[in-house]
Amino acid sequence: MVRRYLNIDEIPAILWGEESDNVYIYVHGKFGSKEDAGRFAEIVCKKGWQVLSFDLPEHGDRKIEKDCFDPWHVVPEMKEIMRFVKSSWVKVSLMGNSIGAWFAMLSFVEIKFDQCLFVCPILDMERLIINMMEDASVSLKELKDKKKIVTESGEVLSWKYLMYSKDYAIERWSSPTHIFYAEEDELTSRDTVDLFVDKFNCQLEVLKNSKHWIHTKEQVAVLEEWLDKKTD
């Protein structure tokens, strides 16, 4: 498959597939990279699409970066990605994984995509942070006073991040969206998904007996079948 490495405003990116007027923006999740788009590109590029993937801060070719994998750094970058996309393609769709889907909704709320595919998306970051606080027995007052707390699991709880998540909760999303959700997802509850689906008229596919990280051969096969079907 054709792939071209490029930089968009110094953001490392890959453009997959033959030249086309149609493109998917691919946003990876935590611990991912722009290379993760390879399997997705194999599915959609043969259908006349290109795929543009890029490294989020602290990921891929940007692992040396510190303290910038957060929405106030990511959102401006993704808006720059969108400016590049709008100057080069006519038809634009979106593929978002996990926290990548949340970053995308924050960044692209004003954009009407042809369609969106979300895989195990984070849909309510405020709720997720509060759940993490409860698991770590951290109170709101304690987090507000200390600003940042590192839990025993190594996760960093941040008062600034919590307040951002509260202030920028996803209240608008107008693009047609399909969600692939793991039945036992430990980051996003089924109630949260159902509320989002009802509010924004999304289509939902539930993968049985699976947690947030979809990685087994069987799970990946089901996911790729779903992606193939939704991109016809």
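Preceding this section is the structure that the text describes.
All values derive from a computational prediction rather than experimental measurement.

(A) View of helix H6 (residues 159–167). All of the buried residues along H6 are Trp-159, Tyr-161, Leu-162, Tyr-164 and Ser-165. The backbone nitrogen of Lys-160 has a side-chain oxygen 3.3 Å away, supplied by the residue at the start of H6, namely Ser-158.

(B) Geometry of the sheet that holds strand E5 (residues 91–97). In space, the 8 strands of this open sheet follow the order E1-E2-E4-E3-E5-E6-E9-E10, with mixed pairing throughout. One side of each edge strand has no neighbouring strand; the edge strands of this open sheet are strand E1 (3–8) and strand E10 (203–207). Taking each pair of neighbouring strands and ignoring which way they run, the sheet shows an average axis angle of 20 degrees. Bridge count between E5 and strand E6 (residues 116–119): 4 bridges; the pairing is parallel. Looking at E6, one finds that Met-95 is bridged to Leu-117.

(C) Structural detail: helix H4 (residues 125–135). Those residues of H4 that fall on the buried side of the exposure criterion are Met-125, Leu-128, Ile-129 and Met-133. Taken around the axis of H4, the buried residues stretch over an arc of 140 degrees, which confines them to a single face. Along H4, exposed side chains directed more than 90 degrees from the buried face belong to Glu-134 and Asp-135. Buried residues along H4 sit in contact with helix H3 (99–107), helix H5 (140–146), strand E8 (156–158) and H6. Residue Asp-124 occupies the N-cap position of H4, its side-chain oxygen lying 3.4 Å from the main-chain nitrogen of Glu-126. Positive backbone phi, approximately 55 degrees, marks Ser-137, located one or two places after H4.

(D) Representation of the nonpolar core within the structure. Among the nonpolar cores identified, the biggest contains 56 residues, and Leu-94, Trp-102, Phe-113 and Trp-173 are the most heavily contacted of them. Here this core gets 7 residues from one element, more than from any other, and that element is H3. In contact with Leu-94, other than residues within four places in its own chain, are Tyr-24, Ile-25, Val-27, Ala-104, Phe-108, Phe-113, Gln-115, Cys-116, Leu-117, Phe-118 and Trp-173.

(E) Seen up close, the packing of H3 against H6. In the contact formed by H3 and H6, the axes pass within 12 Å of each other and the chain directions differ by 60 degrees. One finds that H3 runs oblique with respect to H6. The chirality of how H3 crosses H6 is left-handed. Seen from H3, the contacting residues are Ile-99, Trp-102, Phe-103 and Leu-106; seen from H6, they are Tyr-161, Tyr-164 and Ser-165. Partitioned by chemical class, the residues of the contact of H3 with H6 number 6 nonpolar, 1 polar and no charged.

Rules behind the numbers
Residues numbered from 1 in each chain as written. Predicted model: local features only at pLDDT ≥ 70, side-chain atom pairs only at ≥ 80, totals over all residues. Heavy atoms only, no water. Buried < 20%, exposed > 50% of the residue type's maximum accessible area, 1.4 Å probe, protein only. Helix = DSSP H or I, 4+ residues; strand = E, 2+ residues; numbered from the N terminus. Polar contact = N/O pair within 3.5 Å; in protein donor to acceptor, adjacent residues only side chain to side chain. Pairing = 2+ DSSP bridges. Axes fitted to C-alpha atoms, helices over the stretch in contact; angles between N-to-C directions. Arc of directions from axis to C-beta. Contact = heavy atoms within 4.5 Å. Core = buried A, V, L, I, M, F, W, Y, C linked by side-chain atoms within 4.5 Å. Parallel < 35°, antiparallel > 145°, perpendicular 65-115°, else oblique. Left-handed = near helix turned anticlockwise from the far one by under 90°. Nonpolar A, V, L, I, M, F, W, Y, C, P; charged D, E, K, R; others polar.

Honestly, that's just the spatial picture; any functional story needs more than this.
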